[in-house]
Every structure is written in structure tokens, then in C-alpha cells.
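# Structural characterization, general
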Amino acid sequence: MIFQRRFMISVFVLVLLSVLNTNLVHANTLSISYFNDALDEDIQKRTNEINEQWEIFWTENLKSYIRQDINKKEVRERLDELEEYLLEEIESIKAEDIPEELDRKDKRSIKKIHKAELKNYRNLLKQTRKVDKDIKRDKFVDSEQYDKKLKTSQKNEERINKEIEKINSKNDVSIKTISFNLSDEIDKETVLKELEEEINLEKEAQEKAAALAEEERNAQGEENSKELIDASSTDTNQKEIEFQNWVNDLIVTGEGLIVDVKPFMPDDWSNTDIYLSSEYFLLTPEQQKYLAETIGPTVKNQVLAANLESYTSIRFRYYEDNRVLAEEKFWGSGYNMK
């Protein structure tokens, strides 16, 4: 009887240990899956997104404002977008669930990661609101007065990576460490100097392109003259050839921006269309207007000089869907921008 009782107890203990071991293995499997997949993916996704958003809505936005590419209203609208994004991320992190199957040490590490992330986002939000306020009051010069606070992101980065390394070492997983790229100093003098250099480089490039186009046009004109002139050809035919050569040179000079120049209807140059690539949408409204008001009259003069038509109206179109981007005003000078 005693032997039977001991046997039953032994069997119960073995079954209990087996169940506990199965649960432990299952919990460990879920933990590893959570670390390598969900947690790693969430941390990397948030880090990549904040780096991208900060580059667009802080660094490039403030640089454009200093360069006067955008006005006060536009720069503040972009800062509002950054603020909205940061608020959403803060709420998202606060709502993060930590799996119950994790042990106390892992839960504590994850809480520390979330805490460092929240501290970082709240600091970025504070600086975003501060620069927006300074711009509104015309007190913004550059990022110098915010850089010290922004550099605290490095400390939060170190805290997060420290906890990631703890989790990796303890659980034999491979969560990737992160890197915040949020402390680019925006110095007004440097930004304006870069702008001046860009303008000079663009001017040099245009001058070189114009000189090259002139050389190619002369060479091509000589070659076409030898190949195409015959006894019955007229001045008009020669001018049409020269005009097409000029168009080819214009396309080369445009470096991918200008795709083609042709009449709206075949052989009817009363309406001349200049087709542009998607690079047009990368230009600021001021640059788009400048393009229309410089290239448009030049093309118009060439059409008239080639005797293709006694009068022509210029339009700019997007080559992908043929939509009008700008067209010559019916009354007065200039262009209507679409």
C-alpha cells in the first residue's frame, strides 16, 4: 500500500514537471519570437521613421527657411506636421503591450527602452514647439539655441542600446542596436554660404552647357548642311533643321528636365508645347515660374525665327499625362502657373 502511494506520487511529480517544462519551453519560444520579430521590428521602424521625419521637417525645413526658399507660413505648417507625428508616436509607445510570458528582467529592460524612447520624443516635441514659437515671433536665427537639448538624444540612444544588449546576451537573440541622427547643427552663415556656392556652381554649369551646346550646334549644323542641302531645298527647310538641332541642344542642356518641344497638332506651330519630366515637381514655385518665363520666350523666338509659324502660343506640359503645367497669358506678359 505504501509502495503504491509512493509510486502514484512519483508519477504525479513527473507529470507536473513535464507540464512545467513544456510551458517553460513554450514561453521561451514565444519570448525569442517576440524579441527577434516584433520588438526588433518596432524599434527599428520607429528609429528609421524619426530619422527620416526629422531630416525632412526639421533639418531641411529650417534650412529652406533660412535660404528663403519657403515663407513663415510654410515652415510653420511643416513644423505642425512634425509635432503631429511626434504626438502620435508618443501615444503609440505608451500603448505598447509587453507579453506576459517574459520574465521580470526582460520586462524591466523593455520598459526602460520605452521610457528612453518617450523621453526622446518628448524632448523633440518640446524643441519643435519652441522653434515654431520663435519663428512666429521672428526670433529664429538658426538651430544653435536648440542644439544642446537635441544632443540628449545620444544619451537616450545609449540607454536603449544598453537594454538591447542585455536582452540579446540573456536570451541569445539578435535585436539590432539603433542610431538617432537628430542633432545636425543648422548654422545660418554656413547655410547661406552653401547657397552661394550652389548658385555659383549652377551658373558655371549653365555657362559650360551653353558653350557645349553652341559647339555641338555649329558642328551639327555643318554636318546637316553637307548631308541635307540640295538644289531644290529652301531657306525654310534649312531653318526647320536648325530649329530641331536647337531643340536637341535644349534637351541636352536641360539635363533631364526638358523632354521634347513640338506642336500641339502635327505641322501646326500656332500652339507650341514644351514637355517636362517629373523633375519639374522638385522645383519650388519660384523656380517653376522662372523656368516658364525664361525657357518659354526663348522657344517662342526660335519657332518664329525658323518661320514655322507667324505666331505661336507657348504651353508647358507634363510628358506622362499631357496635363498643362503653365501657359502663356492671353493678355499681357508672363505665364499662368497651374
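Along each chain, numbering runs from 1 in the same order as the chain's sequence is written. Note on the predicted model: pLDDT of at least 70 is required for a residue's local features to be given, and 80 or more for side-chain atom pairs to be given and counted; whole-chain, interface and lining totals, by contrast, use all residues. Hydrogens and waters are ignored; side-chain quantities use all the structure's heavy atoms.

## Description of unusual backbone geometry
Backbone geometry places D138, a non-glycine residue, at a positive phi of 60°. Per the convention used, a helix needs a DSSP run of H or I reaching at least four residues, while a strand needs a run of E reaching at least two, with both numbered from the N terminus. Relative to the assigned elements, D138 resides in the loop between α3 (104–136) and α4 (144–150). Even without being a glycine, D172 presents a positive backbone phi close to 55°. On the secondary structure map, D172 appears in the loop between α5 (153–171) and α6 (188–228).

## Topic: the sheet that holds strand β4 (residues 324–328)
Any two strands between which DSSP finds at least two bridges are classified as paired. Ordered by their spatial adjacency, 5 strands build an open sheet running β1-β2-β3-β4-β5, and the pairing between neighbours is mixed. One side of each edge strand has no neighbouring strand; the edge strands of this open sheet are β1 (258–265) and β5 (335–337). Strand-to-strand twist across the sheet, computed as the mean angle between neighbouring axes with direction ignored, equals 25°. As defined by bridge partners, strand β2 (residues 268–276) adjoins strand β3 (residues 313–318) across 6 bridges and the pair is classed as parallel. When the bridges of β3 are listed, D273 appears paired with R315. Structural elements are reduced to axes, namely lines fitted to C-alpha atoms, with helices fitted over the stretch in contact, and the angle between N-to-C directions of any two is expressed from 0 to 180 degrees.

## Details of the pairing of β3
Within β3, 6 of the 6 residues are buried, which leaves it mostly tucked inside the rest of the structure. Only protein chains enter the area calculation, which uses a 1.4 Å probe; residues under 20% of their type maximum are buried, those over 50% are exposed, and those in between are partly exposed. The alternating pattern of β3 places S313, R315 and R317 on one face and I314, F316 and Y318 on the opposite face, and all of these are buried. Here a crossover is taken to be right-handed if, once the strands point away from the viewer, the path from the first strand over the helix to the second is traced clockwise. Viewed along the sheet, the connection from β2 through helix α8 (residues 285–305) into β3 turns out right-handed. Sheet analysis places β3 next to β4, joined by 3 bridges and oriented antiparallel. Bridge pairing in β4 links F316 to A326. Between β3 and β4, which pair antiparallel in sequence order, lie 5 residues; one of them, N322, sits at a positive phi of approximately 70°.

## Let's talk about the pattern of salt bridges
Throughout this description, the term salt bridge denotes a Lys or Arg side-chain nitrogen within 4 Å of a carboxyl oxygen of Asp or Glu. The tally for this structure, following the rule as stated, stands at 19 salt bridges. Between D106 and K170 there is a salt bridge whose closest N-O contact spans 3.2 Å. Taken together, the residues D106 in helix α3 and K170 in helix α5 connect sequence positions 64 residues apart. Taking relative accessible area as the criterion, D106 reaches 3% and is therefore assigned buried. Among the ionic pairs, E185 bridges to K151, the shortest N-O distance being 3.1 Å. Separated by 34 residues along the polypeptide, E185 in the loop between α5 and α6 and K151 in the loop between α4 and α5 bring together distant segments of the chain. Classification of E185 as exposed rests on a relative accessible area of 52%. According to the relative accessible area criterion, K151 is partly exposed, its value standing at 38%.

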